[in-house]
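Now for the letters of each chain:
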Amino acid sequence: MPVIGIIGGSGLDNPDILDNPKDLFVSTPYGSPTSPVKSGTIAGTQVFLVARHGRDHITPPTFVNFRAKIHALKELGCTAILATTAVGSLRQEIKRGDLVVLDQFIDFTRRRPVSFYEKFEPHSPAHTPMAEPFDAALRDRLIKSCEKNNYPHHSAGTVVTIEGPRFSTRAESNMFRMWGADVINMSTAPECILAAEAGIPYAAVAMSTDYDCWKTDEPPVTWDEILHTFKQNVEKVTGVLQDVIAGL
Ligand code: ADE
């Protein structure tokens, strides 16, 4: 039986999508996830939901305890993780409200624990392959759900994760475009990396909430804009999650 972990990002901090919700207070060798884990079911499947930044959105990206979150989901027996994330668009054709099923990341973070390994076993270094960081089968299901529901979407996209909490300068935004990034956020690294180290298949559905500041014909992004766009389109994200989990 599948057991699904959901990591809810900005705009989906405390969604009401689980049947029979209960709070679990979990601790791990890496500390506690910021908020309790919400346990419940979707279409009869056991689901554990964690709010990436805490339910009240109090944890800045640098201080999110990614290791505690992934470790907790592993200990709870999760066989797959579906993450949601608000992203800025680095491409004209990725419009506000579009969904992007991420297939690559560029890690531009600087100050986060990026691994569970603080020490290797003697002569047994753990260098996790990362060429295809997102799970192909889960991505396929996310894409099929977007197609079925006619949600405007992009079936692949490279996300660059920045340290934050500040937004990028225009020079950085242009550089990320030249590097081949399609969207930008503050969370996919190291979350995706840690899921891979923990051996949990992981996929992320991103919602484009703004054009990052490379686009000079509109005012630079604000947090209020991100939240507003996400809230206006949130049912697309919850719809896709519910669809995919029901089909697993
Ligand atoms: N999340 C949503 N929009 C973003 C942006 N423009 N930069 C970084 N993270 C974001």
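This one's a predicted model, so the numbers in the text were calculated from it and none came from an experiment.

(A) Seen up close, the pattern of salt bridges. In total, this model carries 12 salt bridges according to the counting rule given. Close ionic contact of arginine 52 with glutamate 191 constitutes a salt bridge, the shortest N to O distance being 2.7 Å. Of this pair, arginine 52 sits in the loop between strand E4 (45-51) and helix H1 (66-75) while glutamate 191 sits in helix H4 (residues 188-198), placing them 139 residues apart in sequence. Here the two residues arginine 52 and glutamate 191 agree in accessibility, since each one is buried.

(B) Here's a closer look at the site of the ligand. Around the ligand sit Ala86, Val87, Gly88, Phe167, Ile184, Asn185, Met186, Thr209, Asp210, Asp212, Val221 and Ile226, and that is every residue in its neighbourhood. At 3.1 Å from a nitrogen atom of the ligand is found a main-chain nitrogen or oxygen belonging to glycine 88. Residue aspartate 210 places a side-chain N or O atom 2.7 Å away from a nitrogen atom belonging to the ligand. Out of a free accessible area of 260 Å², the ligand has 96% covered by protein chains. Going through the elements one at a time, strand E5 (80-89), strand E10 (183-185) and strand E11 (202-211) are the ones with two or more residues in the shell around the ligand. Sort the elements by how many residues they give to the shell around the ligand and E5 lands first, with three residues. Taken together, the residues of the shell around the ligand break down into seven nonpolar, three polar and two charged.

(C) Up close: the UniProt feature "site: Important for substrate specificity" (unreviewed entry) in the chain. Feature annotation in UniProt assigns "site: Important for substrate specificity" (unreviewed entry) to the following positions: Ser168 and Trp223. In summary, the annotated positions, though distributed over 56 residues, converge in three dimensions, the widest C-alpha pair being only 12.9 Å. Relative to the helices and strands, serine 168 resides in the loop between strand E9 (158-162) and helix H3 (170-179). Among all residues touching serine 168, those that are not within four sequence positions of it are Ile162, Ser173, Phe176, Ile184, Asp212 and Cys213. Looking at where tryptophan 223 falls in the secondary structure, it is placed in helix H5 (residues 223-247). With relative accessibility at 35%, the residue tryptophan 223 sits in the partly exposed group. Ignoring anything within four residues of it in the chain, the contact list for tryptophan 223 reads Ser10, His57 and Phe167.

Rules and cut-offs
Residues numbered from 1 in each chain as written. Predicted model: local features only at pLDDT ≥ 70, side-chain atom pairs only at ≥ 80, totals over all residues. Heavy atoms only, no water. Salt bridge = Lys/Arg side-chain N within 4 Å of Asp/Glu carboxyl O. Helix = DSSP H or I, 4+ residues; strand = E, 2+ residues; numbered from the N terminus. Buried < 20%, exposed > 50% of the residue type's maximum accessible area, 1.4 Å probe, protein only. Near = heavy atom within 4 Å. Polar contact = N/O pair within 3.5 Å; in protein donor to acceptor, adjacent residues only side chain to side chain. Areas by Shrake-Rupley, 256 points an atom, 1.4 Å probe, with all protein chains shown as cover. Nonpolar A, V, L, I, M, F, W, Y, C, P; charged D, E, K, R; others polar. UniProt positions renumbered as here; feature names shortened; annotations may be inferred. Contact = heavy atoms within 4.5 Å.

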